[in-house]
Each structure stands twice: as C-alpha cells, then as structure tokens.
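# Chain and residue survey
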Amino acid sequence: MDMTTKNPQELAKERRARLQAAINLEEPDRVPFCGVGGDIIPAYAGITQKEFNFDYDKAEKALEKFLKDFPCDWPFAAGVTGLDGRILSVAFAEYPDLALSSTFVSGPMHKTLGDKYYRFPGMETDENASPQFLGGTFMEPDEYDDLIEDPVGFVLETILPRACTNLDTPRQAMTTMVRLGMDFSQFYASAAKVGMASAQLGYPSLAIGGAYAPLDIIGDFLRGISNTVLDLRRYPDKVKKATEALTEVIIKYALAFKAIGAELAFIPLHLNEYLSPKLYKEFYWPTLKEVILTLLDEGIKSLVFFEGHHEPHLETILELPKGWGIAYFEKTDVVKAKEILKDHSCVMGGLPITLLVGGTPASIDEYIKNLFEKVKPGGGFILAPSVGTAPRETPLENLTALIEAVEKYG
Amino acid sequence: MHEELFNKIVDMDEEGSIKLAKEYLDGGGDAQKLLNVCRDAMGVIGDKFEKGEYFLSELLLGGEIFSSIMEFTLPLLKEGDIAKLGKIVLGTVKDDIHNIGKDIFKAFVEAAGFEVVDIGVDVPEEKFVEAVKEHKPDIVGMSCLITAGISSMKNTVEALKEAGLKDFKIIIGGGRVDEEVKELAGADAWADDAARGVRLCKELLGVEG
Ligand code: B12
C-alpha cells in the first residue's frame, strides 16, 4: 500500500480492480483487504465516542486521520457512525428517497426520536461507550395479523409510536418528523464529505445499499430475539406469513438504492445461528433468498454478513446463482467455507478480531501467512476482520503489522 | 409419567410437558422426582446440542420449558432438599447487554444442580465485587459477546483481586471468547457453548459429571 508513488486516482483504480476481481471470483494481484472501524477511530483521534457520534466535524476528521494512517483496500467498516435503523426503512419503504436515508440511526436521530431501541454515548451511556442497539419487544403475539395485513402501516402507526417517546402525540410526532428529516440531511452531507476525503486518499467509491432478512426485522425490532425464536414453535403459520409480507417491503426499500447506483446491498444476519437447519429452511432462508435473487435481477449483488456460526447452513448458499455476491463470515471457518463455495461465491472474513486485540505483530504475521496459503489460490477471497468494530485498546502496532502482512503474503 | 415427561421435554413439546408436570404434581406426585426428570432431560438436550443434533433454537426452548416447570415445582421443595453442586455468581460484563446466552447457560447450569445468583447485564466491576462479597460463590461466571467486553472482564478480574477476594474460580463464556481472551482476561476457563460450560464448572470444582 505504497502511498507515495501513486496518485489517488491510480490507487483507487487499483484497489477497485482488486476488489472487483475477487467479487468476480477471479484472482486479483493481491488479496484485497477490508479494514476495521469502531471505537479505535475516535480513540486514535483523541476524541470521545460522544463527540464521534454527535459532532460531525470532529467525526469526519477522525475518520480521515484513521483512513490515512491505516490504509486498506476497502474501508467498509470505517464510515460515518450510526446503528442499524431498518425499522425506519420499513416504515418509509413507500418513499424511496426517505427509505434511502434511514439505513442508519445516528446519535442526533436517536435524540430526535427518543426511541427505546438504542443507547448513545453521553445520553444513556458513558461518553466513551460505543453506541448500542438494545432491541426489545414492541409487539404482542396477537398482533401478527396486523403486521401481515399491512406491514408498513403497522410499523409506522403502531410500532414506532410505541418505540419512540417523541412520537407519543400527533403534535410531538409532527415536530419529531421534521427534525428527523433535518437529521437525515446532515448525516448524508457528512457521509458525502467523508466520501470525498476517502477519494482524496485513494479509496474507490463503491455505493452500498441495504436489505435485511425478513425474520430479523421481527427479531430485532418487533418481537425481540428470544420471543421470535419461541414464536416459531408457538405460532409458526403467523410468523411465516409475516416474513412473507415483510419480504415485499424490504425489497421495495432495498431497490430505492438504485437511485445512488448501489452495487452491493449489505445484509447482516442475526437469527441464522439460532436456527436448526429445519427451522432455517422453513422460516428464514426462503424469504432471504427471495430478497437476494430479486436484487440480483435488478443489478444489485448482496454482501451477506453471516454472523455467528453458519456452518450448518452453508450448503444453502449454493442454491444461489454463481457470482450472486459476497459471503462474509464471522465465526465460520473461511477455509472450510471457501472449499464449499469456491467458484460460486466470493468469500470474505478470516481475521478474528480477538487476534487483532490480543495478538502480537509476530502472531498476526504468522496467522496471515498460514491463512493466505490456504485461501489465496484461485482468488475470490477478501480478507476482513470477523467483526468490523475494533475496540479502543486495539494495539496500533497490531494494525500496522496486519497491513504489512497483507502486503507481504497477499 | 417419568419417561413420558422426559421425552416430551427432550422433544420440545412445550405445552404437553408443562401440562403433564402440572398434572403429576396435582395428583400428589413427588416434586423432587419431577426436578430430577427435568434435570436429566436438560442434560440430554445439552448433549444433543454438543453433538450438533440440536441448535440454539432448542436450547432456548428447552430453557424456557425448564423454567416454566420450575416456577411451580421449586416452591414445593424445601431449601435443604435441593442438593447443590456449588454456587455461581453470573453476569454479563460492563458495556455488554447481550443476555440470551447468559440466560441459557443459567438454565442449564441450574438444571445441572448449581445455584446461580444472576446479577444481570452491563454489570460494572464494583457490582461483581459486591456480589462476590455477599454471596461467596464457588465460581464467578462472566458472559461477554462483544470485543469491548474483553477489557471489562480483565478489569473485573483485577477488581476482584484488588478487593482481596479469592477462593473461587472464574469462568468466562459467550460467543466471542476463546483461549486468547481467557488468557487476556485472566480467567480459569472459557466456553462458547452452554453444555461445555456446565461440564467445565463441574471440572473446576472437581465434582463428578
Ligand atoms: C442476538 C444479538 C443481538 C441482540 C441481543 C439480544 C439480547 N437481549 O441478548 C441485539 C440485536 C439487541 C444485539 C445488540 C448488539 N449487538 Co449483537 N448480536 C446478536 C447475535 C446475532 C447473536 C448473539 C446471541 O444471542 N447468540 C446466541 C447465544 C445463545 O449465544 P452465546 O451468547 O454465545 O451463548 C452461548 C454460549 O456462549 C454460552 N454462554 C453464554 N454466556 C455464558 C457465560 C458463561 C459463564 C458460560 C460458561 C457460558 C456462556 O451459553 C450459550 C448457549 O450455548 C450476535 C451474532 C452471532 N450470531 O453471534 C451479535 C453480536 C454478538 N452483536 C454484536 C454487536 C456489536 C452488538 C451491538 C454492540 C451492536 C451495536 N453497535 O449496537 C449491540 C449490543 C450493545 C451492547 N453494548 O451490548 C457483535 C459483537 C461484535 C464484537 N465482537 O464486538 C455480534 C458478534 C454481531 C457482529 N458480528 O457484529 N445483538
């Protein structure tokens, strides 16, 4: 990652070609490397998490500093910060311009909504804690029919007022929504600035949209995780119908990203690890698959983050057409995954975040060497941390060692 | 009844097993025997999980069935009647709010015969120290699912040491712990599944499994 000899455009072109080759299941000039983000970014800039989340100016500078000093091919995890706001994407699915803006809930948006889904530094938690998604139970089992009947209406008119204290009365709701619109604008203005700074640093621009597994909307935002898993046994037909009703809505909001030329849709999975193959194939995969296939038809590949252990369900990925997108794994052994998925899916992951935090430059070097021996041949692989958020105490020399090891063995 | 109930629990028949357990007690059945059947069933569910036959969905439901039955069974038992293998103070560490794994582990380790003092989630070091002072456990269990929790565990272990507390073992668990994290935190054992965690707790105290 020699920054001195290449100009930003050349560098960006080179990095993009590297990523593109991997996504196209070819062997790039070097294994592409997707960098880390998280608490380490404000810590490195010497600002608090509160500042990072609420002061766009400081956040932009912190991101720029980090991206400059710890280069990678694809800074997927290092962007303007916010938490998953997919419930808003569902609520605004009928209005593409709004759906587009609601993937993330930022600190200011959380403040505006007064919601119970999130906790932000300096508000509900310590100034230096990372922002937190809590989820919760905002829907009762006897409401599945309402959800099935009209998912958007139910979420917008029943769930959001329950989950957001500042939507209690119509009067409050109106001001809250106006403010939220302003927050959206500021967030995206900031994202655009970071995008420009990244381009200056030689990072390729790669527009990313979002989608979700329908059952995860229920688990994360409506019924809560445990309840949802229990509901699969208690009310199987209703849950299934609800995932089907949500599929259409999710596709609608995901397609809104065509307007910004999205090439990829990021889909993080939550309930996959919980489910037996039988439950997975019955309640989770069919609708997720429909989302992925429909987006593919429309020219958007998916970047699916298979959180936790996905080993029991790996074979189902083969049901997708070759070159459907990127399979990003967290705890699943990428070497095994690549064996099963080679020449079919681009595989991403491979670097345990615990190694980055607890390892040494020598152990990281050794690890990357061994890993690359196994996953480099044949291409179609992107190195990424198992989890994008590096904690504040991540030793900086480990990050540097990682970058060097990728250069050396990639 | 025993075999039928055992099978119903292992087969995840929530309604059927709770109904049967109630009927058994209403008909004058022995609460201690009922407890033993439930414990055996939970043991088998844990085994099946370790063998890859069962998944988290089954662990979660198994835990739920066990707790539902215990709710009306435990009050019928006298304190001294319930043999205890040991006492565990259990909590999810500071800055981490994931509770499901902790709760599943709790259900299974209780079913195995341990007494658990659950001190919740996002538990600061001081609260662990207080709980250990108050309850004098044999084991301190920390659940941690996020990387930021690693330093919380380390700090908790140090805080316990600084308070001069010892004579207990420390086990950490949760999806993101491994040997590396165990060393870093200064714990005695780690487990990223409940069944293994139960086995390790027994090993730490040198009791037969
Ligand atoms: C469900 C989930 C949530 C739910 C939590 C619901 C709840 N009330 O618990 C919600 C959606 C709310 C959530 C929120 C967040 N999550 Co979350 N979440 C998950 C998910 C999908 C599953 C976790 C889980 O419940 N697993 C199932 C349980 C049963 O497994 P387990 O905890 O490992 O427990 C088992 C064993 O480990 C053992 N065990 C557990 N505890 C103990 C203790 C002892 C002593 C022993 C012996 C054994 C033991 O027994 C259990 C049964 O076998 C994981 C990804 C994944 N698939 O793992 C991400 C994950 C854990 N979450 C993550 C993150 C980052 C968050 C957030 C911080 C996101 C955010 N920025 O807001 C917030 C949490 C805020 C906070 N500060 O804690 C990351 C953590 C990354 C990291 N390494 O730092 C993960 C890995 C996702 C990811 N890949 O990015 N999450």
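First, a word on scope: everything that follows refers to the structure included in this document. (Residues numbered from 1 in each chain as written. Chains lettered and ligands numbered in written order. Predicted model: local features only at pLDDT ≥ 70, side-chain atom pairs only at ≥ 80, totals over all residues. Heavy atoms only, no water.)

### What about the packing of aromatic side chains?
Applying the stated criterion across every chain yields a total of 22 aromatic pairs over all chains. Geometrically, the ring pair formed by F104 of chain A and F187 of chain A is tilted, given 6.4 Å between the ring centres and 40° between the ring planes. Taken together, the positions of F104 of chain A in strand β2 (residues 104–105) and F187 of chain A in helix α10 (residues 170–200) put the pair 83 residues apart, joining distant regions of the chain. Taking the centre distance of 6.2 Å and the plane angle of 20° together, the rings of Y117 of chain A and F133 of chain A count as stacked. Separated by 16 residues along the polypeptide, Y117 of chain A in the loop between α7 (107–113) and β3 (118–119) and F133 of chain A in strand β4 (residues 132–133) bring together distant segments of the chain. Ring pairs connect the aromatic residues F54, Y117, Y118, F120, F133, F138, Y212 and F221 of chain A, which therefore count as one cluster. Above the ring of Y203 of chain A, the side-chain terminus of R15 of chain A is found at 4.6 Å from the ring centroid. Looking at K48 of chain B, its charged tip hangs above the ring of Y54 of chain B, at a distance of 5.4 Å from the centre. (Phe/Tyr/Trp six-rings, centres within 6.5 Å; stacked < 30°, edge-to-face > 60°. Helix = DSSP H or I, 4+ residues; strand = E, 2+ residues; numbered from the N terminus. Lys NZ or Arg CZ within 6 Å of the ring centre and 35° of its normal.)

### What to know about the pattern of salt bridges
Overall, the coordinates contain 35 salt bridges over all chains when judged by the stated rule. Between D145 of chain A and K238 of chain A there is a salt bridge, with the nearest N and O atoms lying 3.0 Å from each other. One end of the pair, D145 of chain A, is in helix α8 (residues 144–149); the other, K238 of chain A, is in helix α13 (residues 236–255), and 93 residues separate them in sequence. Residue classification places D145 of chain A among the partly exposed positions, given a relative accessible area of 41%. Given the relative accessible area of 33%, K238 of chain A is considered partly exposed. A salt bridge links K106 of chain B to D118 of chain B, with the shortest nitrogen-to-oxygen separation between them at 3.4 Å. With a gap of twelve residues between them, K106 of chain B in helix α5 (residues 100–111) and D118 of chain B in strand β2 (residues 114–118) connect regions that are remote in the sequence. For D118 of chain B, a relative accessible area of 28% corresponds to the partly exposed category. (Salt bridge = Lys/Arg side-chain N within 4 Å of Asp/Glu carboxyl O. Buried < 20%, exposed > 50% of the residue type's maximum accessible area, 1.4 Å probe, protein only.)

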